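# A structural walkthrough
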Amino acid sequence: MESLEFEELLVAAMIAKGDHIDTRDIVGKLPVEAFANHHLRAMYRVIVRLLDQVETIDIFTVKHGVPAETSDLVMEVARRSSSASNIKVWAKKVRQCWMVRQAKEKLCSALESLSGINTHNINDVLTEVSGELSTIQFETNDRLPRRIGDMMTDYMDVLEQRTKGEESGLYLKTGIEPMDDKYGGFDRTDLIILAGRPGMGKTELAIMIANSIGRSKGRGLFVSMEMSEMQIVERHIADRSGLAVGALRNPNDMLDEQFTRLTVASSQLQDEDNYVLDGAFTVDEIISHAERMNQDGGLSFLAIDYLQLIKKPKAETNALALSYITGRLKQFALRNKVPVILLSQLNRGVESRIDKRPTLGDLRESGSIEQDADVVIFPYRDEVYDENSKFKGIAEIIVGKYRSGEPKTFYMGWRNGHFTRIDQQEVAARYAQNEDEAKPKSNWRGQKAG
Ligand SMILES: Nc1ncnc2c1ncn2[C@@H]1O[C@H](COP(=O)(O)OP(=O)(O)OP(=O)(O)O)[C@@H](O)[C@H]1O
C-alpha cells in the first residue's frame, strides 16, 4: 500500500472541507503518528490545532502554521483536492497503511529478538516475541470508542425495531423457543460453546440452530471435522423432516408419509442458503473461509464441530493450544459480528460423579474456553446413562454461562434423534416431584430415615 498518495489526498480534502463534521470526525479518530511523511504530518498537525481552536482552515492558515521547510508544499498538496467527498475513504486508507507499517515494525523487531535466541533464553525470547506480535492491530473499520451518551438515538432505533419485530437479524435465534424468549437470541459477537459427552446431542443442537437460521433466510457455515459433508446434509434433512437418520438410510422401507416429509424438507433446504465444509483445518483456515463468505454476502453464524479436532498450533501445552483457538474465534466474532457456535467434547471426569450433569468446572482442561465463551450450553440426556431413566425422551439444555443474563435450564423433547418442543412447566414439575421423592424422609421423631 502506498501511504504517501493517500496522505496527500486526505490533507487536500481536509483543507478543501475546512471545519466540517467529517473533518472533525477524522481528527477524533486518526492520530498524527498515522502520517508517514513528515511534511504531511506537519500539515495535519496544524489542521488538528486549527480545529481545536475553532479557527478557519484554508490554504493560508495551514501554510502559515507549518514550519518553513513545509510551507511551500501546502499549495501543491491543496491542488490535489479533486474528490473531497471521498475524505473518509482517504482517512481509512491512511489508517490502514499506518497499521501495516506498525505490523512490519513489530515483525522486524521480533526477527531481531529471534536472532539472539539460544537454548538458555528460548522461552523468554518466544514469550517476548509472541507478546509483541499479539499487539498487532486488526483492521477495525475505523471503529473507535464511542460516547455512550451519543449512542442513545441509535439504541432507541433498536428498541423501536424490536417493538415492530424487525430486528431479528441482529440476534441469533436458536429455534429453542423458551430459550429465545428468555434471552431474546444471542448477540452477533458471541462465542457460544456447546459442550458435552459424546452422544448428548451437540451436533444435533448445532444442526437444529443452523436449520432455524436457514428457515429465516440467514446464511450459515457449518464446518465439520467429524462428519463428511454428505453426512451433514443428511442430518439437516433428518432434522427438517423429523425423520430418523436410520429411516433415510433405508429409503426402500419408507412409508408414503415419510417420503412426502423428505421431499418437502429437501425442497425447503434447496431454497435456503446454508453452507457446509468438511475436512481438517487450523483455526486460521476456518476463519479465512468464514471471513471470505462474510465479505461476500454476509454470514449469520459459523458453527464448528468440534474444538478438539481443530488442527492445533504449536504450543507448550494442550491448554495453551486450545486457548489460542478459542481466543482467535472470539476475535473473529467480535471483528466480523458473526456469532461462533463451537462444539466441544468433555472428558470422562463427569461420569465419575453421581450427578453427571456437566458444570463450568468441567471445561477447565480446555484452556481458556470458559473465559472466552459468552454462552456455554450443555445438552444433557439422562437416558444416555440410564436407559430406564424417568426422564427418557427429555433433553435438558443447561445454559451454564450467559454473559448477558442468568444461566438457566430449558427442556426439549428427544425423538428420532431430534430435539422437539415440549411444555416447560410440565417437565419442570416432573423434575421437582422427582427431587421431592428422592429426598430422605423424616420419621415421626423428625429423624432422617435409613
Ligand atoms: N433415531 C434415534 N432415536 C433416538 N436417538 C437417536 C436416534 N438417532 C441417533 N440418536 C442418538 O443421537 C445421539 C447423537 O447425537 P449427536 O451426534 O448430536 O451427539 P454429539 O453430542 O454430537 O455426539 P458425538 O460427540 O459423538 O458426535 C446419539 O446418542 C444417538 O444414539
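These lines cover the structure that appears in this document, whether it is placed above or below. What you see as residue numbers is a count from 1 along each chain, following the sequence as written. In keeping with the predicted nature of the model, local features appear solely for residues at pLDDT of at least 70, side-chain atom pairs appear and are counted solely at 80 or more, and the whole-chain, interface and lining totals rest on all residues. The basis for every side-chain value is the complete set of non-hydrogen atoms in the structure, without hydrogens or water.

## A short note on the layout of surface pockets
- Reported here for the second largest pocket is a volume of approximately 500 Å³.
- Put simply, the grid is 1 Å and covers the protein atoms alone, a cavity is a trapped set of points that fit a 1.4 Å probe, a pocket is an open set with protein on both sides within 12 Å along at least five of seven lines, and lining residues have an atom within 4 Å of a point. Along the wall of the second largest pocket there are 20 residues; nearest its centre are Met 208, Arg 215, Phe 419, Thr 420 and Arg 421.
- Secondary structure follows DSSP: runs of H or I at least 4 residues long count as helices, runs of E at least 2 residues long count as strands, and numbering of each begins at the N terminus. For the lining of the second largest pocket, the secondary-structure elements that each account for two or more residues are helix 9 (177-183), helix 10 (202-215), helix 11 (229-241), strand 10 (409-415) and strand 11 (418-420).
- Per element, the largest residue contribution to the lining of the second largest pocket is 4 residues, and it comes from helix 10.
- Three classes are used, and their members are as follows: Ala, Val, Leu, Ile, Met, Phe, Trp, Tyr, Cys and Pro are nonpolar, Asp, Glu, Lys and Arg are charged, and the others, Gly among them, are polar. Grouping the constituent residues of the lining of the second largest pocket by class yields 3 nonpolar, 8 polar and 9 charged. Grid points are joined across faces, edges and corners, and a volume is the space filled by probe spheres set on the points.

## Here's the deal with the sheet that holds strand 11
- Strand pairing is assigned whenever DSSP identifies at least 2 bridges connecting the two strands. Taken in spatial order, the 9 strands of this open sheet run 5-4-6-7-3-8-9-10-11, and their pairing is mixed. Edge positions in the open sheet fall to strand 5 (275-278) and strand 11, since each of these has one partner strand only. On average, each strand axis in the sheet is tilted by 25 degrees relative to the strand beside it, whichever way the strands run.
- Judged from the 6 bridges that link them, strand 3 (residues 191-196) and strand 7 (residues 340-345) form a sheet pairing that is parallel. Counterpart to Leu 194 in the pairing with strand 7 is Leu 343.
- Residues are treated as being in contact if the distance between any of their heavy atoms lies within 4.5 Å. Interaxial angles span 0 to 180 degrees and are taken between N-to-C directions of axes, which are lines fitted to C-alpha atoms, for helices over the stretch in contact. Sheet strands in contact with helix 10 are strand 3, strand 4 (220-224), strand 6 (301-305), strand 7, strand 8 (375-380), strand 9 (394-402), strand 10 and strand 11, and its direction is about 165 degrees off that of strand 7.
- Docked against the sheet, helix 11 engages strand 4, strand 5 and strand 11, running at close to 145 degrees with respect to strand 5.

## Looking at the site of the ligand
- We define proximity as follows: a residue is near a molecule or strand when any one of its heavy atoms falls within 4 Å of that partner. Around the ligand, the surrounding shell holds 16 residues, and the nearest of these are Gly 199, Lys 202, Thr 203, Glu 204 and Gln 345.
- Whenever a nitrogen or oxygen atom comes within 3.5 Å of another N or O atom, the pair is scored as a polar contact, on the condition that within protein one atom can donate a hydrogen and the other can accept it, and that pairs from neighbouring residues in sequence are kept only if both atoms are in side chains. For the ligand, an oxygen atom lies 3.0 Å from a polar atom in the backbone of Gly 201.
- At 3 residues, helix 10 tops the list of elements feeding residues into the shell around the ligand.
- Broken down by class, the residue content of the shell around the ligand amounts to 4 nonpolar, 6 polar and 6 charged.

## Section: helix 1 (residues 3-17)
- By this rule the span expected of a helix is its residue count minus one, scaled by 1.5 Å. The terminal C-alpha atoms of helix 1 lie 21 Å apart, and with 15 residues this matches the ideal 21 Å at 1.5 Å per residue to within 8%.
- Any residue under 20% of the maximum accessible area for its type is buried, any over 50% is exposed, and the rest in between are partly exposed; the area is computed with a 1.4 Å probe on protein chains only. Where burial is concerned, most of helix 1 is hidden: 11 out of the 15 residues are buried.
- The set of residues buried in helix 1 consists of Ser 3, Phe 6, Glu 7, Glu 8, Leu 9, Leu 10, Val 11, Ala 12, Ala 13, Met 14 and Ile 15.
- If you check the start of helix 1, you find a side-chain oxygen 3.4 Å away from the backbone N of Leu 4, and it comes from Glu 2.
- Two residues or fewer after helix 1 comes Gly 18, characterised by a positive phi angle close to 65 degrees.

## Digging into the side chain of Ser 113
- With respect to the element layout, Ser 113 can be found in helix 6 (residues 87-115).
- A polar atom in the side chain of Ser 113 sits 3.4 Å from the side chain of Glu 128.

## Things to note about the nonpolar core
- In this text, buried Ala, Val, Leu, Ile, Met, Phe, Trp, Tyr and Cys residues form a nonpolar core when linked through side-chain atoms within 4.5 Å. Counting 36 residues, the largest nonpolar core has Leu 302, Ile 304 and Leu 329 as the members making the most contacts within it.
- Counting residues per element, the ones that place at least two in this core are strand 3, strand 4, helix 14 (283-295), strand 6, helix 15 (318-336), strand 7 and strand 8.
- Not counting residues within four places of it along the chain, the set of residues in contact with Leu 329 comprises Leu 191, Val 283, Ile 287, Leu 302, Ile 304, Val 340 and Leu 342.
- Within the second largest apolar cluster, 34 residues are counted, among which are Phe 6, Ala 12, Leu 51 and Ile 87.

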